[in-house]
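Reading the structure
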Amino acid sequence: MAASVRVCCALRIAIRGSVPFGAARGGVQVSQLACRASVSSLLVNPRLPAWQQSRHGSFFNKLTAEELWKGMLAATGAGTRSGRGKRGKRKVKKDLNRGQKIGEGRGGFLWPGLNIPVTKEGILQPITQRSNAERQEAHAEMLRSRDEWEKKMKTKVKKQRGWTGRTWGGISLSPPDPGPNQETYEDFQVYVLEVKSVFTMTAREGRKRTISCLVATGNGNGAAGFAVGKASDRGTALRKAKNKALRYLYYVERYNDHTIYHDIVSKFKRTTLHMKKQNDGYGLHCHRAIITLCRLIGIKNMYCKVEGSTNILNITKALFKGLSNQETHQSLADKKCLHVVEFQPQRGPLPIVVASPTDETRLEPEPEDQIPNTRLQWRDVRAGQGFKRSVWANVKRSVF
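Residues numbered from 1 in each chain as written. Predicted model: local features only at pLDDT ≥ 70, side-chain atom pairs only at ≥ 80, totals over all residues. Heavy atoms only, no water.

With respect to the sheet that holds strand β12 (residues 284–285)
- Strand order in this open sheet of four strands is β10-β11-β13-β12, and the pairing throughout is mixed. Pairing within the sheet leaves two strands with one partner each, and these edge strands are β10 (264–268) and β12.
- Sheet topology places β12 next to strand β13 (residues 302–308); two bridges connect them, and they run parallel. Bridge pairing in β13 links His 285 to Tyr 303.
- The sheet strands contacting helix α9 (residues 312–324) are β10, β11 (271–277) and β13, and the helix crosses β10 at an angle near 135°. (Pairing = 2+ DSSP bridges. Helix = DSSP H or I, 4+ residues; strand = E, 2+ residues; numbered from the N terminus. Contact = heavy atoms within 4.5 Å. Axes fitted to C-alpha atoms, helices over the stretch in contact; angles between N-to-C directions.)

Concerning the nonpolar core
- Counting 29 residues, the largest nonpolar core has Met 275, Ile 290, Ile 299, Met 302 and Leu 323 as the members making the most contacts within it.
- Among the elements that line this core, the one with the most residues is helix α8 (residues 288–297), at seven residues.
- If we skip the residues at most four places from it in the chain, Ile 299 touches Arg 254, His 258, Thr 259, Ile 260, Leu 284, Cys 294 and Leu 323.
- One finds Val 192, Ile 211, Cys 213 and Ala 231 within the second-largest nonpolar core, a separate group that totals nine residues. (Core = buried A, V, L, I, M, F, W, Y, C linked by side-chain atoms within 4.5 Å. Buried < 20%, exposed > 50% of the residue type's maximum accessible area, 1.4 Å probe, protein only.)

Quick look at the pairing of strand β7 (residues 206–218)
- The pairing of strand β6 (residues 189–202) with β7 spans 13 bridges and is classified as antiparallel. Along β7, the bridge assignment pairs Glu 194 with Leu 214.
- Where β6 folds back on β7, the antiparallel hairpin that results is connected by three residues.
- Of the pairings in the sheet, the one linking β7 to strand β8 (residues 223–231) comprises eight bridges and is antiparallel in character. In the strand pairing of β8, Ser 212 is matched with Lys 230.

Let's talk about the pairing of β13
- When β11 meets β13, the two strands line up antiparallel, connected through seven bridges. Within β13, the position partnered with Thr 272 by the bridge is Glu 307.
- Handedness of the β-α-β unit built from β12, α8 and β13 comes out left-handed. (Right-handed = clockwise from strand over helix to strand, strands pointing away.)

A closer look at a nonpolar patch on the surface
- A cluster of nonpolar side chains, namely Ile 102, Phe 109, Trp 111, Leu 114 and Ile 127, defines an oily patch on the protein surface of about 510 Å² accessible area.
- Residue placement: Leu 114 occurs in the loop between β1 (109–110) and β2 (119–120). (Patch = residues over 30% accessible without salt bridge, like charges linked within 9 Å, V, L, I, M, F, W, Y side chains within 5 Å. Areas by Shrake-Rupley, 256 points an atom, 1.4 Å probe, with all protein chains shown as cover. Salt bridge = Lys/Arg side-chain N within 4 Å of Asp/Glu carboxyl O.)

Considering the state of the cysteines
- This model, assessed by the stated rule, comprises zero disulfides.
- The closest cysteine sulfur to the non-disulfide-bonded Cys 286 is located on Cys 294, 5.1 Å from its own sulfur. (Disulfide = S-S within 2.5 Å.)

Right, dumping it as structure tokens:
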């Protein structure tokens, strides 16, 4: 009888290992016969030890932490189907591991590799226990650090002023997080362009709120980028956006490191930007979002007029589209096989050669069209002819 019990246990251990399917199936049949024999022997002789099947899985070790938190925070059941609880106080997920140290407990044990080094002076340290005085001192230090952390969380940090006092646009953030190889980006500045709330209707959670953040980053030396980050809270969305913007960088060519090479007209959807090259000392006369982006890029002098939609994302995409497609003086000289010259007011009719072709210069001049293919703006034409004035100038107004 005892031999049958040993055979049953041995077969169970063998089946749990990695064996072929056919062998495992035969082993299961033999195990079932052995189990029946062992049960009959136990009924005949009850003095033998009883075997009880144990299960090592439970509700808490089968589900992941995300699934457990979802069961605690999300509305489920009949309340969700009837639309209840969607405007109640939102429950926040807590980090239960914050402030906890692996190996620390009430017993004050010192575990090598957890709360103390594994070796000390080349000797492997054993498992020891702190004295009562050391335990009291460690407990007092933990309470002191906890009180300092709670006091720090309660203190309100004054938010830096952006474009206006009540919006997030123009507020500076910390540099992006270090990369996978611990490379830092201390020379990159990060600015918030827009923070807005987006609501969606879901079947289970009802009216769900999401924070969308538009963030731009740049080093002030021609490299800049932007990205949109979305999350349920503002801090996570800003962090995701600034780290994502670092992966989508543009390099913008600048003339003398202060302005653009030529006038640009860029359009994205319903937004049109008219950018004009300016001399040194002119400054940035643009939309406030464009001023922030130009500072991140390193452009110091430019004029820009926004026509159409003033959506911040459309303005940002139109600006980077226009600046990335501009033609430098050297590329123009290589394309035309001619010298590129520039006329400046302080030099009069004397031109300045700003670029020369890499290959030989073309001898015959470039043919001139009878009608130049230049797109003019009616506002610039009226200003050049002196007709730019108010349309209400000759309107008679009633006087009461």
